[in-house]
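Per-entry structural report
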Amino acid sequence: MSRVGIIMGSDSDWPIMEAAHKQLMELGLKSEVLVASAHRNPETVREFAQGARAGGIGVIIAGAGAAAHLPGVVASFTTLPVIGVPISGGPFKGVEALLSIVQMPPGIPVATMAVDGAKNAALFAAAILAVGDEALAAKLADFRAKQAEAVKAKNEALQIKIAQ
Ligand code: RP5
């Protein structure tokens with residue numbers, strides 16, 4: 001099964017990006033994590049992106065804050081699907097990263113998640129890999145079913161609380 005590449009611009013992004021790593025593990029997916037910056041060590045980013053497909057990676061999740069060029073730069077070096085995660089922090093609370101990541105020029109797409117949306121990035125990566133993997137698709141369906149049950153349980157608990 002293909003692995004998921006998780007790249008982030010700084011180790012300061014890890015507290016947010018760790019949610020992607022955890023979610024992938026819960027789905028039984030292996031990931032490879034790398035800190036590399038589109039601005040501070042762009043050669044490392046290029047090597048990672050250019051070698052990803054041959055290295056067994058099927059989807060890349062790229063998280064970055066501030067002037068968040070990392071997801072777009074990664075996407076420029078590979079035809080693998082790239083999922084961008086804008087990281088909050090800084091004076092604009094992640095809005096600057098969101099706009100940097102989402103406004104890609106035609107020809108080089110990046111699937112942009114919500115600010116700090118690392119968990120959804122992992123679920124979206126899994127959904128992409130599940131297109132050709134029925135066992136993984138079944139795991140995603142199970143995840144959704146459990147999530148729906150959890151919402152029902154929360155509603156029931158709230159109804160009991162309100163009725164008291
Ligand atoms: C971005 O700049 C990184 O992705 C990070 O979100 C932000 C700040 O980086 P550090 O100064 O914490 O290393 O490139």
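Residues numbered from 1 in each chain as written. Predicted model: local features only at pLDDT ≥ 70, side-chain atom pairs only at ≥ 80, totals over all residues. Heavy atoms only, no water.

What about the sheet that holds strand S1 (residues 3–8)?
Our working rule: When DSSP finds two or more bridges between two strands, those strands count as paired. A run of DSSP states H or I qualifies as a helix once it reaches four residues; a run of E qualifies as a strand once it reaches two. Both are numbered from the N-terminal end. We call two residues in contact whenever any of their non-hydrogen atoms come within 4.5 Å of each other. Here the axes come from fitting lines to C-alpha atoms, over the contacting stretch only for helices, and the angles between their N-to-C directions go from 0 to 180 degrees.
Overall, parallel pairing links the five strands, which are arranged S2-S1-S3-S4-S5 in an open sheet. On the outer flanks of this sheet lie strand S2 (31–35) and strand S5 (111–112), each paired with one strand and no other. Where helix H2 (residues 42–51) meets the sheet, it contacts S1, S2 and strand S3 (57–65), and its direction lies at approximately 170° from that of S1. Running at roughly 160° to S3, helix H5 (residues 118–130) makes contact with S1, S3, strand S4 (82–87) and S5 of the sheet.

Thoughts on H5
For the record, the criterion: A helix is expected to span 1.5 Å for every residue after the first. Under the scheme applied here, a residue whose accessible area is under 20% of the maximum for its type counts as buried, over 50% as exposed, and between as partly exposed, the area being computed with a 1.4 Å probe on protein chains only.
In this model H5 runs 18 Å from its N-terminal to its C-terminal C-alpha over 13 residues, within 8% of the 18 Å that 1.5 Å per residue would give. Those residues of H5 that sit buried are Ala 118, Ala 121, Ala 122, Leu 123, Ala 125, Ala 126, Leu 129 and Ala 130.

Looking at the site of the ligand
To keep things clear, this is the line we draw: Near, as used in this document, describes a residue that has one of its heavy atoms within 4 Å of the molecule or strand being considered. Side-chain atoms alone can form a polar contact between residues adjacent in sequence; in general such a contact is a pair of N or O atoms within 3.5 Å, and within protein one must be able to donate a hydrogen while the other accepts it. Computed by Shrake-Rupley with a 1.4 Å probe, the accessible areas treat only the displayed protein chains as cover when residues are assessed. Gly is put with the polar residues, along with every residue not named as nonpolar or charged; the nonpolar set is Ala, Val, Leu, Ile, Met, Phe, Trp, Tyr, Cys and Pro, and the charged set is Asp, Glu, Lys and Arg.
As a matter of local geometry, the ligand sits amid Gly 9, Ser 10, Ser 12, Asp 13, Arg 40, Ala 64 and Gly 65. Here an oxygen atom of the ligand and a side-chain polar atom of Ser 12 are 2.7 Å apart. Within the contact set of the ligand, an oxygen atom lies 2.6 Å away from a side-chain nitrogen or oxygen of Asp 13. Expressed as a share of its isolated accessible area of 360 Å², the protein-covered part of the ligand is 67%. Among the residues making up the shell around the ligand, the classes are represented as one nonpolar, four polar and two charged.

Some details on the packing of helix H1 (residues 14–26) against H5
Our working definition: Less than a right angle of anticlockwise turn of the near helix away from the far helix marks a crossing as left-handed, whereas a clockwise turn marks it as right-handed.
The geometry of H1 relative to H5 is characterised by a closest axis approach of 7 Å and an angle of 35° between their N-to-C directions. Every pair of crossing elements has a handedness; the one defined by H1 and H5 is right-handed. Side by side, H1 and H5 meet where Ile 16, Met 17, Ala 19, Ala 20, Gln 23 and Leu 24 of the first sit next to Ala 118, Lys 119, Ala 122 and Leu 123 of the second. Partitioned by chemical class, the residues of the contact of H1 with H5 number eight nonpolar, one polar and one charged.

Re helix H4 (residues 95–102)
Spelled out, the test is: To be clear, the arc concerns the directions from the helix axis to the C-beta atoms.
Listing the buried residues of H4 in full gives Glu 96, Ala 97 and Ile 101. With its buried residues spanning 125° around the axis, H4 presents them on a single face. Those residues of H4 that are buried are in contact with S3, helix H3 (70–76), S4 and S5.

Notes on the pattern of salt bridges
Oppositely charged side chains are able to pair whenever their charged atoms sit close together. Going by this rule: Any Lys or Arg side-chain nitrogen found within 4 Å of a carboxyl oxygen on Asp or Glu counts as a salt bridge.
Within the structure shown, the criterion is met by four salt bridges. One salt bridge connects Glu 32 with Arg 3, and the closest N-O pair in it is separated by 2.5 Å. In this pair, Glu 32 sits in strand S2 while Arg 3 sits in strand S1, placing the two residues 29 residues apart along the sequence. In this structure, Asp 142 engages Lys 146 in a salt bridge whose closest nitrogen and oxygen atoms are separated by 3.0 Å. Placement of both Asp 142 and Lys 146 in helix H6 (residues 134–163) is noted, with a separation of four residues, approximately one turn of the helix. The class of Asp 142 is partly exposed, set by a relative accessible area of 39%.

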